[in-house]
Amino acid sequence: MTATTIVFDLDGTLIDTAPDLVESLNHTIAARDLAPVGYEDLTHLVGQGARVMIQRAFALRGAPITEDEIPALLDRFIDHYEASMPGKSRPYPGLIEALDRMRTAGFRLAVCTNKMERLARPLLERLELTAYFEAISGGDTFAFRKPDPEHILATVERAGGKADKVLMIGDSINDILAARNGNIPSIAVPFGYSDVPVEELGASHIIGHFDELTVELVERLIG
Ligand SMILES: O=C(O)COP(=O)(O)O
Ligand SMILES: [Mg+2]
């Protein structure tokens, strides 16, 4: 195996988690009688983990929320999300084949998500994806998270990879900014939950489908 590592974001990149995130979030905010949010709201809510997603949903509904009210709501979200997992969440088309291709080529694979590690791990496990990855880190694994490039680099270190042989693949500004902040080449995917067109994120490359993730492309981008 080479020391080259491909680091994947989770929500909106590896797995289409939107229906379950929306459902669990709506279950959570219903405890405070807030009107449910829709899929179209998700791109503005997701990205910094469940805690921030709940806070943003309250802001969206113009409902005040204090710091000390958050833990109970976060528990409500976690309980609901964990119990329904994997729900309707599925890997994006062509993902499994792409992961197989990358593994066969000898690349290390890792997951760097802002989702809580305790939610990311069982989700990957129940979709039978865990074995592909040398490391899985969440938004609460380290003292920093995306868009801090250290989140990507600490994940690569855990995967046994080299810091100057990394490719980041993600769907939103946090992923591409983390890569750019660390001088790491990146690929953006347009099928996730970005609130701006992915063309505006400044990624090194864009793929519209995992079929386009080839060994040649990875080698060209890593250089
Ligand atoms: O769950 C979130 O808020 C973000 O998750 P992601 O970093 O895997 O996109
Ligand atoms: Mg994402």
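Residues numbered from 1 in each chain as written. Chains lettered and ligands numbered in written order. Predicted model: local features only at pLDDT ≥ 70, side-chain atom pairs only at ≥ 80, totals over all residues. Heavy atoms only, no water.

Break down the overall build of the protein chain for me, citing the residues and quoting the values.
Along its length, the protein chain carries nine helices and eight strands. Relative to a compact globule of 223 residues, whose C-alpha radius of gyration would be 17 Å, the protein chain shows 17 Å and is just as compact. Seen through its C-alpha atoms, the protein chain measures out along the principal axes to roughly 50 × 35 × 30 Å. Residue burial in the protein chain is summarised as follows: out of 223 residues, 54% are buried. Pairs at least 24 residues apart make up 67% of the contacts formed inside the protein chain by residues separated by at least 6 positions. Carbon together with sulfur atoms contributes 50% to the accessible area of the protein chain, which is approximately 9,500 Å² in total. (Helix = DSSP H or I, 4+ residues; strand = E, 2+ residues; numbered from the N terminus. Rg over C-alpha atoms; globule rule 2.2 N^0.38 Å. Buried < 20%, exposed > 50% of the residue type's maximum accessible area, 1.4 Å probe, protein only. Contact = heavy atoms within 4.5 Å. Areas by Shrake-Rupley, 256 points an atom, 1.4 Å probe, with all protein chains shown as cover.)

Quick rundown of the site of ligand 1? Include the residues and the values.
Close to ligand 1 lie Asp 9, Leu 10, Asp 11, Val 46, Gly 47, Gln 48, Gly 49, Thr 113, Asn 114, Lys 115 and Lys 146, which account for all nearby residues. Between ligand 1 and the protein, one listed contact pairs an oxygen atom with a side-chain N or O atom of Asp 9 at 2.8 Å. Here Lys 146 contributes a side-chain N or O atom positioned 2.9 Å from an oxygen atom of ligand 1. Contact with the protein chains covers 95% of the free accessible surface of ligand 1, which is 280 Å². The residue makeup of the shell around ligand 1, split by class, is two nonpolar, five polar and four charged. Counting the residues that make up the shell around ligand 1, at least three belong to each of domain 1 (5–16 + 89–222) and domain 2 (18–84). (Near = heavy atom within 4 Å. Polar contact = N/O pair within 3.5 Å; in protein donor to acceptor, adjacent residues only side chain to side chain. Nonpolar A, V, L, I, M, F, W, Y, C, P; charged D, E, K, R; others polar. Domains from an automatic or database assignment.)

Can you tell me about the domain arrangement of the protein chain, naming the residues and giving the values?
Domain annotation for the protein chain reports domain 1 (5–16 + 89–222) and domain 2 (18–84). Taking only C-alpha atoms, the centre of domain 1 and the centre of domain 2 are 24 Å apart. Taken residue by residue, the interface counts 18 residues in domain 1 and 19 residues in domain 2. Across the interface of domain 1 and domain 2, roughly 1,500 Å² is buried in total on both sides, 49% from carbon and sulfur atoms. For the domain 1 face of the interface with domain 2, the top three residues by lost area are Arg 118, Leu 119 and Tyr 193, together amounting to 34%. One can count one salt bridge joining domain 1 with domain 2. Arg 118 is the salt-bridge partner of Glu 82, the closest N and O atoms lying 3.3 Å from each other. Seen at the junction of domain 1 and domain 2, the total is ten residue pairs in polar contact (both at pLDDT 80 or more). The element best represented in the side of domain 1 that touches domain 2 is helix α6 (residues 117–126), accounting for four residues. A class-by-class count of the residues in the side of domain 1 that touches domain 2 yields five nonpolar, five polar and eight charged. (Buried area = accessible area lost by both parts, 1.4 Å probe. Salt bridge = Lys/Arg side-chain N within 4 Å of Asp/Glu carboxyl O.)

Could you give an account of the nonpolar core, naming the residues involved and the relevant values?
One finds Phe 8, Phe 77, Phe 133 and Leu 213 to be the most contacted residues of the largest nonpolar core, which totals 57 residues. For this core, the two domains that each supply at least three residues are domain 1 (5–16 + 89–222) and domain 2 (18–84). Apart from residues lying up to four places away in sequence, Phe 133 is in contact with Phe 8, Leu 14, Leu 99, Leu 109, Ala 110, Val 111 and Leu 124. Counting twelve residues, the second-largest nonpolar core is a separate cluster that includes Val 7, Ala 159, Val 166 and Ala 179. (Core = buried A, V, L, I, M, F, W, Y, C linked by side-chain atoms within 4.5 Å.)

Give me the lowdown on the side chain of Asp 175, citing residues and values where you can.
Relative to the helices and strands, Asp 175 is located in helix α8 (residues 173–181). Contact partners of Asp 175, with chain neighbours within four places excluded, come to Asp 9, Lys 146, Ile 152, Met 168 and Gly 170.

Outline the UniProt feature "binding site: Mg(2+)" (unreviewed entry) in the protein chain, supporting the account with residue identities and numerical values.
In the numbering adopted here, UniProt assigns the feature "binding site: Mg(2+)" (unreviewed entry) to Asp 9, Asp 11 and Asp 171. A maximum C-alpha distance of 8.1 Å among these annotated residues, which run over 163 residues, shows that they cluster at one spot. Topologically, Asp 11 is positioned in the loop between β1 (5–8) and β2 (15–16). Of the residues examined, Asp 11 reaches a relative accessible area of 11% and is grouped as buried. Those residues within four positions of Asp 11 in sequence are excluded, and the remaining contacts are Thr 17, Leu 21, Tyr 81, Thr 113, Lys 115, Asp 171 and Tyr 193. Secondary-structure assignment places Asp 171 in the loop between β6 (166–170) and α8. In this structure, Asp 171 is in contact with Asp 9, Asp 11, Gly 12, Thr 13, Val 189, Gly 192, Tyr 193, Ser 194, Val 198 and Leu 201, ignoring residues within four places of it in sequence. (UniProt positions renumbered as here; feature names shortened; annotations may be inferred.)

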